[in-house]
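Here are the chains, one letter per residue:
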Amino acid sequence: MVKMTLIARATDGLPLAEGLDDGRDLPDSDMYKQQVKALFKNLSRGHNEASRMSVETGPYIFHYIIEGRVCYLTMCDRSYPKKLAFQYLEDLKNEFERVNGPNIETAARPYAFIKFDTFIQKTKKLYQDTRTQRNIAKLNDELYEVHQIMTRNVQEVLGVGEKLDQVSEMSSRLTSESRIYADKAKDLNRQALIRKWAPVAIVLGVVFLLFWVKNKLW
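Residues numbered from 1 in each chain as written. Predicted model: local features only at pLDDT ≥ 70, side-chain atom pairs only at ≥ 80, totals over all residues. Heavy atoms only, no water.

Going by the annotation in an unreviewed UniProt entry, the name recorded for the protein chain is Longin domain-containing protein, with Brassica rapa subsp. trilocularis given as the source organism. Looking at the Sequence similarities (unreviewed entry) heading of the UniProt record, one finds this comment for the protein chain: "Belongs to the synaptobrevin family." (UniProt positions renumbered as here; feature names shortened; annotations may be inferred.)

This is the structure in structure tokens:
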């Protein structure tokens, strides 16, 4: 059964639409929504390159597709057919692109297309019962295969993102420290040159001064 549906811009993780009734009777719904936000954040940073993936989380599983810089994600029971979950997302994608396509890139506020919830709820009802003739036909559709879509654990996916963030942060810190050390090295070299040549400059200055005074007096 479909439990939750969210749509976000893949380039920056901005939420665009969601099923408003989703997750209200779901235990720990806030925790799963936080995981979704973390997934969107990872995707916006390019941490997961797969355009289609299933991510296991507790008794549920996230399925997502990325098309046209938009991520369509749903959370279902583990027992819910993977094939139907991705066909559900395909239906959402086709309608969302048709209705909102030209405005997706310019959307500036979260849930700019919240009215799309009407289509989400209507489509979700069509996919809830896997035993309907319509859904059985979709399950038997040999042209739509999902065997190649990777399945991973949510901690593994989010952990990879965190590790990449740490590596990036460490790299930035090392670069910053290298610049600081380079600047300090330049200052030390400058001070060494000053200490080396300052006495010579002073002596030359005194000689020139004496020479000038001598010329003036004579």
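So, on to the environment of threonine 5. Position of threonine 5 relative to the elements: it lies in strand E1 (residues 2-9). Look at threonine 5 and you get buried, because its relative accessible area is 0%. For the pair threonine 5 and isoleucine 120, spaced 115 residues apart in the sequence, the C-alpha separation amounts to 7.7 Å. In this structure threonine 5 touches Glu18, Gly19, Asp22, Leu73, Thr74, Tyr88, Leu92 and Ile120, once residues within four positions along its chain are discounted. Within polar-contact distance, the side chain of threonine 5 engages the side chain of tyrosine 88 at 2.8 Å. (Helix = DSSP H or I, 4+ residues; strand = E, 2+ residues; numbered from the N terminus. Buried < 20%, exposed > 50% of the residue type's maximum accessible area, 1.4 Å probe, protein only. Contact = heavy atoms within 4.5 Å. Polar contact = N/O pair within 3.5 Å; in protein donor to acceptor, adjacent residues only side chain to side chain.)

For the rest of this paragraph, the subject is the side chain of glutamate 18. Along the polypeptide, glutamate 18 turns up in strand E2 (residues 15-18). A relative accessible area of 12% places glutamate 18 in the buried class. Engagement of the side chain of glutamate 18 in a polar contact is seen with the side chain of tyrosine 111, the distance being 3.3 Å. Here glutamate 18 is in contact with Thr5, Leu6, Lys33, Tyr111, Ile114, Asp117 and Ile120, once residues within four sequence places are set aside.

Moving on, we come to the pattern of salt bridges. Oppositely charged side chains can form a pair if their charged atoms are brought close together. Summed over the entire model, instances satisfying the criterion amount to 11 salt bridges. Put simply, aspartate 91 and arginine 134 hold a salt bridge, and the shortest N to O gap is 3.7 Å. You can see aspartate 91 sitting in helix H2 (residues 82-100) and its partner arginine 134 sitting in helix H4 (residues 133-139), a full 43 residues away along the chain. When its relative accessible area of 31% is taken as the criterion, arginine 134 is described as partly exposed. Residues aspartate 129 and arginine 131 are paired through a salt bridge, measuring 3.2 Å at the closest nitrogen-oxygen approach. Since its relative accessible area comes to 31%, aspartate 129 is described here as partly exposed. You can call arginine 131 exposed: its relative accessible area is 67%. A network of salt bridges, in which partner residues are shared, links Arg52, Glu67, Glu90 and Lys93. (Salt bridge = Lys/Arg side-chain N within 4 Å of Asp/Glu carboxyl O.)

Glancing now at the packing of aromatic side chains. All told, the structure shown has six aromatic pairs when counted by the stated rule. Here tyrosine 72 and phenylalanine 96 contribute two aromatic rings whose centre-to-centre distance is 5.9 Å and whose plane-to-plane angle is 80 degrees, an arrangement assigned as edge-to-face. Of the two residues, tyrosine 72 sits in strand E5 (residues 70-77) while phenylalanine 96 sits in helix H2, which places them 24 residues apart along the sequence. Judged by relative accessible area, which is 0%, tyrosine 72 ranks as buried. Geometrically, the ring pair formed by phenylalanine 96 and phenylalanine 113 is edge-to-face, given 5.5 Å between the ring centres and 85 degrees between the ring planes. Placement of phenylalanine 96 in helix H2 and of phenylalanine 113 in the loop between H2 and helix H3 (117-128) is noted, with a sequence separation of 17 residues between them. When sorted by exposure, phenylalanine 96 lands in the same class as phenylalanine 113, which is buried. Joined through ring pairs, the aromatic side chains of Tyr72, Phe96, Phe113, Phe116 and Phe119 make up one cluster. For the cation-ring pair, arginine 134 lies above tyrosine 127, with the distance from its terminal atom to the ring centre recorded as 4.5 Å. (Phe/Tyr/Trp six-rings, centres within 6.5 Å; stacked < 30°, edge-to-face > 60°. Lys NZ or Arg CZ within 6 Å of the ring centre and 35° of its normal.)

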